[in-house]
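Observations on the model geometry
Each chain, written out:
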Amino acid sequence: MNKHLITMMFIVLASQPLHAATSNECEVSGYTFGFFNGVANTFLSATRGLNELQRQAGYSQYNGEDVEYTLFYNDSRIDESAIYVLGDLAETFDQRTNELDQRVAQRWEAFWDVINGRSNSSIIERIISIVPAFAQLITDVFSTAVNESITRFLEALSSLTGGTINTGEVRMQHQLINDSNTWLGKKLVYVAHSQGNLWANESFNYVLGQEGYSADNIAIVHIAPASPILNGDYVLSSSDFVINGLQFTGPTSVPLPNALLPITRTDPSGHMLIESYLGQSKTRTKIKSQISNAFDRLSKPEMEDYLFQLSFEYSANFVQHHEKAQFDFIDSKKDRKYCDFFCYEYLTRTSERPTYPHIYELKPAENVKPLIFVERKEEQDEETNNEDGAEESSGGGDGAETEEGTGEDMQGKTRNIHVETCQKIPEEGSFLFGEFSNITDLSSPLDMTKKLKVIDRYGDTWISKTRDVSPRYEDGYSPCAGNGENIEIIASQAHYTSKQKSYLEKNDLSGNYRTGSTDLDGTCILH
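First things first, this report covers the structure right here in the doc. The numbers attached to residues start from 1 for each chain and follow its sequence in the written order. For a predicted model such as this one, the threshold for reporting local features is a pLDDT of at least 70, and the threshold for listing and counting side-chain atom pairs is 80 or more; totals across whole chains, interfaces and linings nevertheless cover every residue. Water and hydrogen atoms play no part in the side-chain values, which are based on all heavy atoms of the structure.

**Observations concerning the overall build of the chain**
Each helix is a run of H or I in the DSSP string that is no shorter than four residues. Each strand is a run of E no shorter than two, and both are numbered from the N terminus. Tallying secondary structure elements over the chain gives 13 helices and 19 strands in all. The proportion of buried residues among the 527 residues of the chain is 55%. Here, Shrake-Rupley sampling with a 1.4 Å probe gives the accessible areas, and only protein chains in the shown set may cover a residue. A total accessible area of about 24,100 Å² is found for the chain, and carbon and sulfur atoms account for 46% of it. Each residue is assigned to one of three classes by its accessible area relative to the maximum for its type, calculated with a 1.4 Å probe on protein chains only: buried under 20%, partly exposed between the two thresholds, exposed over 50%.

**So, the packing of helix α7 (residues 167-183) against helix α13 (residues 498-506)**
Closest axis-to-axis distance for the α7/α13 pair is 11 Å, and the angle between their directions is 60°. Between α7 and α13, the interaxial angle falls into the category oblique. α13 is crossed by α7, and the crossing has right-handed handedness. Packed against α7, whose contacting residues are E169, M172, Q173, L176, I177 and S180, the element α13 presents K499, Q500, Y503 and L504 at the interface. Gly counts as polar in this scheme, as do all residues outside two lists: the nonpolar Ala, Val, Leu, Ile, Met, Phe, Trp, Tyr, Cys and Pro, and the charged Asp, Glu, Lys and Arg. Taken together, the residues that form the contact of α7 with α13 break down as five nonpolar, three polar and two charged. Helix axes are fitted to C-alpha atoms over the stretch in contact, other axes to C-alpha atoms as well, and angles between N-to-C directions run from 0 to 180 degrees. Roughly parallel means an angle under 35 degrees; roughly antiparallel means over 145; roughly perpendicular covers 65 to 115; every other angle is labelled oblique. By definition, any crossing whose near helix is turned counterclockwise from its far helix by less than a right angle is left-handed, and any crossing with a clockwise turn is right-handed. Any two residues whose heavy atoms approach within 4.5 Å at even a single point are treated as in contact.

**Some thoughts on the sheet that holds strand β7 (residues 232-235)**
Here the rule is simple: two strands pair whenever DSSP picks up at least two bridges between them. Spatial ordering of the open sheet is given by β3-β4-β2-β5-β6-β7, a layout of six strands whose pairing is mixed. Looking at which strands have only one partner, the edges of the open sheet turn out to be β3 (61-62) and β7. Examined bridge by bridge, strand β2 (residues 31-36) and strand β5 (residues 187-193) share six bridges and lie parallel to one another. Paired with T32 across the bridge in β5 is L188. Packing of α7 onto the sheet brings it into contact with β2, β4 (65-72) and β5, and relative to β4 it is tilted by some 170°.

**A closer look at helix α8 (residues 196-208)**
To estimate the expected span of a helix, subtract one from its residue number and multiply by 1.5 Å. End to end, α8 covers 18 Å across 13 residues, agreeing with the expected 18 Å (1.5 Å per residue, within 8%). Looking at α8, one finds that the buried residues are G196, N197, L198, W199, A200, N201, S203, F204 and V207.

**Notes on the state of the cysteines**
We call a pair of cysteine sulfur atoms a disulfide when they lie within 2.5 Å. Counted under the stated rule, the structure contains two disulfides. Linked covalently through their sulfurs, C26 and C422 form a disulfide whose S-S length is 2.0 Å. Its S-S torsion of about 105° marks the bond between C26 and C422 as right-handed, since a negative value means left-handed. Taken together, the positions of C26 in the loop between β1 (4-13) and β2 and C422 in the loop between β13 (413-419) and β14 (430-437) put the pair 396 residues apart, joining distant regions of the chain. Each member of the pair, C26 as well as C422, carries the same accessibility label: buried. In this model C480 forms its disulfide with C524; the gap between the sulfur atoms is 2.0 Å.

**Topic: the packing of α7 against α8**
Viewed as axis vectors pointing N to C, α7 and α8 meet at an angle of 45°, and their least axial separation amounts to 10 Å. On the basis of the axis angle, α7 is oblique to α8. Judged by the sense of rotation from one axis to the other, the crossing of α7 with α8 is right-handed. Each of T167, V170, R171, H174, Q175, N178, D179 and T182 in α7 lies in contact with α8, whose residues at this interface are W199, E202, S203, Y206 and V207. Split into classes, the residues belonging to the contact of α7 with α8 amount to four nonpolar, six polar and three charged.

Here is the structure:
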């Protein structure tokens, strides 16, 4: 007899109509191109910058995967004339930070933190821990008595329409966008201009802290970087007087220019994104090449194409003496208070077999909010009339009829369930998945076992156990006239505040989910 491997996939929509064309929203695929604007940008001008970068990049797909374009808006709203004072302000700052030398390589990150009102940032707190006098330095350097130009700059910097600069708000929004990108497993290409590079660097470090992500999954292109800290290729024009003005404050203030450009009447500052960096062929070509290289070097994050995988490995004797297992989502509760001993409430007896042992079916709770799940099975099958291994299925439960007790080829069987809802997961956050097998013969052989393993999208194993329902002695009876598992899977956004959830909903973002899984008492129909 010839054996061959049959890989079968069928879609089961738990307690919902079958949608054969439903795509897997957990698939780890695609790219996000993010743009971080600099100071003195309205939302409209920042969007214009993103659109121009999109036009220059020219990708709607890359390697057959979709490319999405996203604005990481830096809501500084500073008057453009104020940026010319940066050189004076930076020089004053640099003169007062000589004592820091190389013990704090991120002192220029601190400079921009102070500029944006983040005097209590982690970088500044770390500097103060090394040099306590730095706390007074912040007050001194930015005193209105330093000089008139710095005063005007700070006033312009802090004057918002009806309020003050809210960097905490910008940081929250950027983190939520990053949460959404990394939850979906996007490969990330981030392009930043001017002070936006500081925000891009912050996002870079934030992304590296997300499970499944490494420097192989994110790339940054720095345009006119306002910091010496680079996490990727950069372009800095020799005629950029705003950034190069910081060079006079010290050799480590900003990178050295790597593009020689003439001064133009269109942009005397040489600093503007569209007018200078994308408006002149030398820097435009360089930027396009760096963006292309960024896309080319990225790889898929270490994530799986499902929310959870639940694997049930049945021994050959178990398969021989049980009907095919049923699967379904049977409950969902925010308080996570499910069934008591043996979870009988999720079963109902049918009239299919009036004699003992009876037939039971899974009975989902009335208000259950199920997730989409897919079964992928690999099994050895001897001669079969169904050469392509196709198997029909209907929505709700297992759905496929089987002949009682056939045991097929007496091989053990593994059934892999993939939960494939990864977006707009119901707010309950906790979902009970049921598995149940009816026994066909109480007088059963030894070695009737079932192994359960639950893995989440990051490859973390939450449950790994073996359940033995064998008779206690040879020629004895199985202790269960039907048995099953009740598995809680968790995908929760309880870590978000109501404000954060509102932002996610308003901007159609998924955010991320905290995952977990526990097994409740198994079901055993006693006899």
